[in-house]
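Single-letter residue listing:
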Amino acid sequence: MTTENKLRHFLTLMDFSSDELKKMTDRSIVLKQMQKNGDIYEPLKNRMLGMIFEKSSTRTRVSFETGMLQFGGGALFLSPRDTQLGRGEAIEDSARVLSKMVDIIMIRTFEHEKLETFTQYSSVPVINALTDMYHPCQLLADMQCYQEHRGSIEGKTVTWVGDGNNMCHSYINAAHQWGFKLNIACPKGYDPDQAIFADAGDQVEIIRDPMTASTGSDLVVTDVWTSMGQEEEQARREAAFKGYIVDNKLMVQADNDALFMHCLPAHRGEEVTASVIDGKQSVVWDEAGNRLHAQKALLEFLMKKTPE
Ligand code: CP
Ligand code: NVA
C-alpha cells in the first residue's frame, strides 16, 4: 500500500533541507543520463501540471512542459489573458479550483506574496517558477551545471555581478544551502533585500567593485539590468549599471578555471560581452538545458509516493 507524502511546496530554496537539495541535484544528473540513453521512465503517468504564467517565458515553459511529457503526464499553459485570473477572479478561489483538477501547479508572477497566498489555498504542491523576489528553479539548474563541470561547489567562491534581484536572492539562499562564499558586486541603490541578505550571515558579502569581487572567483554569474516588470526604469538602470559588465578583463581576475553562468535571456553588450557569453568559460547552454533535468527531479520529489 502506498500513501502521499505530506504536502510540500517549492517557493524558495529554503523550503528544502540542504541534504534534500543536494540529493535532488544528484538525481537530476541521473535523469539526464537516462534521457540521453533513451530510457522510458514515466513516474507521472496521467498526472497534470498547471502552469500559470503572468510573465513571459521560454526556458521555464518549455522545460516544465517537456519534463511532464517525458514523465508520462501533461502540462497546461494558463495565462491571465485567457483565464479568469486576468478578469479578477480571486487568487484564493483560483487555487482551490485548479488544485481540484490538476496534480501540481507552477506559477510565474510578480509579487511573491501572491504566490504565498495561492499556496495557502492549494491542495496540491506549488512551485515558484519566478517571482519578483526569487527564482529557485534556475538555481537547481545552475548547481547541477557547476557540479557537472567542476564537482562540488562547497567551499568555492561565486561572484554575482549586477542587480540585487530575484536571481541574486536565490543565489544568496544557495550560498547557505550548498555552502559557498558569495560576493555580490552591485551598484549602490540596487542591493539585495536586506532581510534575505542578513539571514545569510558572513557567507555573503557586498563588494561594490566588480573587479575586486571577482578576484579568484570559481564562478561568475550575472543577469539582466532590467528585470520583467521594471521596463519603465530601463533608462535609469542603464546609467546605474554602467561598469557592471562581465567582460574578458573581469574573467581574467577570476580563477583560471572559473565558469560563467547567466540564467538568460541575455543582452550582449549590456551585462555581458559577446566574448564572454560565447567564450570558452561560458556554460550557459548546458545551464539552460539543465532546467529540464533539474525540474524533472523536482517534480518527481514533490509528487513521489513512498511505501507506508
Ligand atoms: N531563465 C529563465 O527563467 O528563462 P525564461 O524566462 O525563458 O523562462
Ligand atoms: N531577473 C530576470 C530573470 C529572468 C529569467 C527577470 O526577473 O526578468
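Use the structure listed above.
The paragraphs below set out a description of the structure included in this document.

Cut-off values and rules
- Residues numbered from 1 in each chain as written.
- Chains lettered and ligands numbered in written order.
- Predicted model: local features only at pLDDT ≥ 70, side-chain atom pairs only at ≥ 80, totals over all residues.
- Heavy atoms only, no water.
- Disulfide = S-S within 2.5 Å.
- Buried < 20%, exposed > 50% of the residue type's maximum accessible area, 1.4 Å probe, protein only.
- Pairing = 2+ DSSP bridges.
- Helix = DSSP H or I, 4+ residues; strand = E, 2+ residues; numbered from the N terminus.
- Axes fitted to C-alpha atoms, helices over the stretch in contact; angles between N-to-C directions.
- Contact = heavy atoms within 4.5 Å.
- Near = heavy atom within 4 Å.
- Polar contact = N/O pair within 3.5 Å; in protein donor to acceptor, adjacent residues only side chain to side chain.
- Areas by Shrake-Rupley, 256 points an atom, 1.4 Å probe, with all protein chains shown as cover.
- Nonpolar A, V, L, I, M, F, W, Y, C, P; charged D, E, K, R; others polar.
- Salt bridge = Lys/Arg side-chain N within 4 Å of Asp/Glu carboxyl O.
- Phe/Tyr/Trp six-rings, centres within 6.5 Å; stacked < 30°, edge-to-face > 60°.
- Lys NZ or Arg CZ within 6 Å of the ring centre and 35° of its normal.

Observations regarding the state of the cysteines
The final tally for this structure, using the stated rule, is zero disulfides. Cysteine Cys145 remains unbridged, with the sulfur of Cys263 as its closest cysteine sulfur at 13 Å. You can call Cys145 buried: its relative accessible area is 0%. For the unlinked cysteine Cys263, the closest cysteine sulfur is that of Cys168, found at 12 Å.

Notes on the sheet that holds strand 2 (residues 48–53)
In a beta sheet, neighbouring strands pair by backbone hydrogen bonds and run either parallel or antiparallel. Within the open sheet, the four strands sit side by side as 3-2-4-5. Their pairing is parallel. Two strands lie at the open edges of the sheet, namely strand 3 (74–78) and strand 5 (126–128), each paired on one side alone. On average, each strand axis in the sheet is inclined to that of its neighbour by 20°, with strand direction left out of account. Looking at chain direction, strand 4 (residues 104–108) and strand 5 are connected through three bridges and run parallel. Residue pairing for strand 5: Ile107 is matched across the bridge by Asn128.

Quick word on the sheet that holds strand 7 (residues 181–185)
Strand order across the open sheet formed by five strands is 8-7-6-9-10, with parallel pairing between neighbours. Only two strands of the sheet have a single neighbouring strand rather than two, namely strand 8 (204–206) and strand 10 (259–262). Strand-to-strand, the axes of this sheet are offset by a mean angle of 20°, without reference to chain direction. Note that strand 9 (residues 219–222) and strand 10 share four bridges and pair parallel. In the sheet register, Thr222 faces strand 10, and the bridge partner there is His262. Where helix 5 (residues 136–150) meets the sheet, its contacts fall on strand 9 and strand 10, and the angle it forms with strand 10 comes to roughly 160°.

What to know about the site of ligand 1
For ligand 1, the full set of nearby residues is Ser57, Thr58, Arg59, Thr60, Arg108, His135, Gln138, Cys263, Leu264 and Arg291. In this structure, Cys263 approaches ligand 1 through a main-chain N or O atom, which is 2.9 Å from a nitrogen atom. In the complex, the protein chains occlude 95% of the 260 Å² of accessible area that ligand 1 would expose alone. Its residues placed into classes, the shell around ligand 1 shows two nonpolar, five polar and three charged.

A closer look at the pattern of salt bridges
When their charged atoms lie close together, side chains carrying opposite charge are able to pair. Summed over the entire model, instances satisfying the criterion amount to 16 salt bridges. The salt bridge involving Glu148 is made with Lys32; its shortest N-O contact spans 3.1 Å. Pair noted here: Glu148 is in helix 5 and Lys32 is in helix 1 (residues 18–37), with a separation of 116 residues, a long-range link. Residue Lys32 is classed as buried on the basis of its relative accessible area of 17%. Because the salt bridges share partners, they merge into one network encompassing Asp163, Glu233, Arg236 and Arg237.

Focus: the site of ligand 2
As a structural note, the neighbourhood of ligand 2 is formed by Leu130, His135, Asn165, Asn166, Asp223, Ser227, Met228, Cys263 and Leu264. The side chain of Asn165 places a nitrogen or oxygen atom 3.4 Å from a nitrogen atom of ligand 2. In the model, a nitrogen atom of ligand 2 is placed 2.6 Å from a nitrogen or oxygen of the Asp223 side chain. Coverage of ligand 2 by the protein chains reaches 94% of its 270 Å² of free accessible surface.

What to know about the packing of aromatic side chains
Between two aromatic rings, the relevant description is the distance of the centres plus the angle of the planes. Using the criterion set out here, one finds nine aromatic pairs in the structure. Between the aromatic rings of Tyr41 and Phe71, the centroid separation amounts to 5.6 Å while the plane-to-plane angle is 85°, which identifies the pairing as edge-to-face. In this pair, Tyr41 is assigned in the loop between helix 1 and strand 2 and Phe71 in the loop between helix 2 (59–70) and strand 3, connecting sequence segments 30 residues apart. The class for Phe71 is buried, based on a relative accessible area of 1%. What links up through ring pairs into an aromatic cluster is the set Tyr190, Trp225, Phe241 and Tyr244. Over the ring of Phe110 we find Lys55, and its NZ or CZ is 4.7 Å from the ring centre. Sitting over the ring of Phe77, Arg61 keeps its end group 3.8 Å from the ring centre.

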